[in-house]
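Reading the structure
Given next are the chains, with one letter for each unit.
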Amino acid sequence: MDPLDRYESVIDDVPAFRAACERPLPTVVRVNTLRATRSAAERELAESDIATERVDWHPDLLRLPDDQPGANWPYVHGWLHGQEEVSALPATVLDPSPGDRVWDACAAPGSKTTQLAALMDDRGLLVGTDANLGRISALRSNAERLGVTNLAITHEDARTHSLAPFGGDSYDHALVDVPCSCEGTVRKNPDAFEEWSLDRVRSIAGVQKGILSRAIQATRPGGTVVYSTCTFAPEENERVVDHVVETETCRPVAIDLPLDGTDGLTAWDGEDFDDRLTRTRRVYPHHNDTGGFFVAKLAVGE
Ligand SMILES: C[S@@+](CC[C@H](N)C(=O)[O-])C[C@H]1O[C@@H](n2cnc3c(N)ncnc32)[C@H](O)[C@@H]1O
């Protein structure tokens, strides 16, 4: 079964959506502001005859030619990190401040963790958790290459992470970028649907609910939790957020998304969700020439 068939009733322009899903993804890098400015990175890349194009919605993203080898000088020296445009959305939406205490519940290999560290100006405390030891090695080496020093790494199941990591106090914010069915990565990985089944979608949704619930419980009242996936599946998106809105003390808040997106769904497969699910955002590949993405922002304690 082609899982994309399931979305024909909720997508505005199905032929454009299908065509975008078949095009390769543009190559994008994020300038690591702990080490360089965008102008300095542009100059350095130009010296190596690498043409760049600014991404207009984000101050630190650059598009590169598709045949660009990854190991250029600015990359090796931690000025750049390969990061797809939509992957830069969750940390942008969370927008932590220097000095905050932030938990990244599914952190490896660290694209968003290192982006959070840059937004925090490498100050405060960032805890990055992942259940996969091999991927934690990549997180560690990315953090080192990019010069991040405010990061503590834990190898554990996020569903059992400490609820009082600071002697009773909780995190100011959490980022929950869960494992998912990855339907929105089909432009990068044409085999993305090979392992797809509705049973897998439903099973992973259980893990997602557990991790998101834990993140809400570990965040102080008045704090913020951002939930994201790179899939279109409502079972892993709106239905997971609807579950925590019912079971935890939190509410979805409006997101001022800097690129085009559509409202989250309030019904799927015969089930209705909380009306406030319209405040979550879906990003489809044909709207901004990116991968597919889902993001929700939750205010905790309200
Ligand atoms: C979408 S990836 C995270 C990508 C990462 N945020 C980034 O931007 O580089 C999901 C991650 O969740 C991890 N994971 C899966 N189950 C987990 C669990 N129960 N607790 C913590 N991490 C888990 C996987 O190992 C994987 O690295």
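Where an unreviewed UniProt entry is consulted, the chain appears under the name SAM-dependent methyltransferase, with the organism given as Halococcoides cellulosivorans.

Structural notes on the domain arrangement of the chain
When its domains are assigned, the chain resolves into domain 1 (3-18 + 86-300) and domain 2 (26-83). Between domain 1 and domain 2, the C-alpha centre-to-centre distance is 25 Å. Facing the 23 residues of domain 1 at the interface are 18 residues of domain 2. In terms of surface lost to domain 2, no three residues of domain 1 exceed Ala118, Arg145 and Leu146, which account for 37% of the buried area on that side. The interface formed by domain 1 and domain 2 contains one salt bridge. In this structure, the salt-bridge partner of Asp289 is Arg63, at a minimum N-O distance of 3.6 Å. Our count for the contact surface shared by domain 1 and domain 2 stands at ten residue pairs in polar contact (both at pLDDT 80 or more).

A few points about the site of the ligand
Taken together, 20 residues surround the ligand, and among them Lys112, Asp130, Arg135, Ala158 and Asp177 come closest. One nitrogen or oxygen atom from the side chain of Asp177 is found 2.7 Å from a nitrogen atom belonging to the ligand. Its free accessible area being 610 Å², the ligand has 86% of it covered by the protein chains. In the shell around the ligand, the residues fall into ten nonpolar, three polar and seven charged.

Comments concerning helix α2 (residues 38-47)
All buried positions along α2 are accounted for by Arg38, Ala40, Ala41, Glu42 and Leu45. For α2, the secondary structure elements touched by its buried residues are β1 (27-31), β2 (53-54), β3 (61-64), α3 (73-76) and β4 (80-82). Of the residues flanking the end of α2, it is Asp49, one or two places downstream, whose phi is positive at about 60°.

Concerning the environment of Gln83
With respect to the helices and strands, Gln83 occurs in the loop between β4 and α4 (89-94). In contact with Gln83, not counting residues within four places along its chain, are Val28, Val29, Arg30, Leu61, Ala88, Ser111, Lys112 and Gln115. Of note is the side chain of Gln83, whose polar atom sits 3.1 Å from the side chain of Ser87.

Here we look at the UniProt feature "active site" (unreviewed entry) in the chain
According to UniProt, the "active site" (unreviewed entry) feature falls on Cys230. The exposure class of Cys230 is buried, given its relative accessible area of 19%. Those residues within four positions of Cys230 in sequence are excluded, and the remaining contacts are Cys180, Cys182, Glu183, Gly184, Thr185, Gly292 and Phe293.

Overview of the pairing of strand β7 (residues 151-155)
Sheet topology places strand β6 (residues 125-130) next to β7; five bridges connect them, and they run parallel. Within the sheet, the bridge partner assigned to Leu126 lies in β7 and is Leu151. Tracing the backbone out of β6, into helix α6 (residues 133-145) and back to the parallel element β7 gives a crossover that is right-handed.

Brief notes about unusual backbone geometry
What is expected of a backbone is that most residues other than glycine have negative phi and most peptide bonds are trans. The residue after Ala108, namely Pro109, is reached through a cis peptide bond having omega 5°. Structurally, the position occupied by Pro109 is in the loop between β5 (101-104) and α5 (111-119). For Asp121, which is not glycine, the phi torsion reads 55° and is therefore positive. With respect to the helices and strands, Asp121 occurs in the loop between α5 and β6. Despite not being glycine, Asp269 has its phi angle at roughly 55°, a positive value. Judged by relative accessible area, which is 58%, Asp269 ranks as exposed.

The rules behind the values
Residues numbered from 1 in each chain as written. Predicted model: local features only at pLDDT ≥ 70, side-chain atom pairs only at ≥ 80, totals over all residues. Heavy atoms only, no water. Domains from an automatic or database assignment. Contact = heavy atoms within 4.5 Å. Buried area = accessible area lost by both parts, 1.4 Å probe. Salt bridge = Lys/Arg side-chain N within 4 Å of Asp/Glu carboxyl O. Polar contact = N/O pair within 3.5 Å; in protein donor to acceptor, adjacent residues only side chain to side chain. Near = heavy atom within 4 Å. Areas by Shrake-Rupley, 256 points an atom, 1.4 Å probe, with all protein chains shown as cover. Nonpolar A, V, L, I, M, F, W, Y, C, P; charged D, E, K, R; others polar. Buried < 20%, exposed > 50% of the residue type's maximum accessible area, 1.4 Å probe, protein only. Helix = DSSP H or I, 4+ residues; strand = E, 2+ residues; numbered from the N terminus. UniProt positions renumbered as here; feature names shortened; annotations may be inferred. Pairing = 2+ DSSP bridges. Right-handed = clockwise from strand over helix to strand, strands pointing away.

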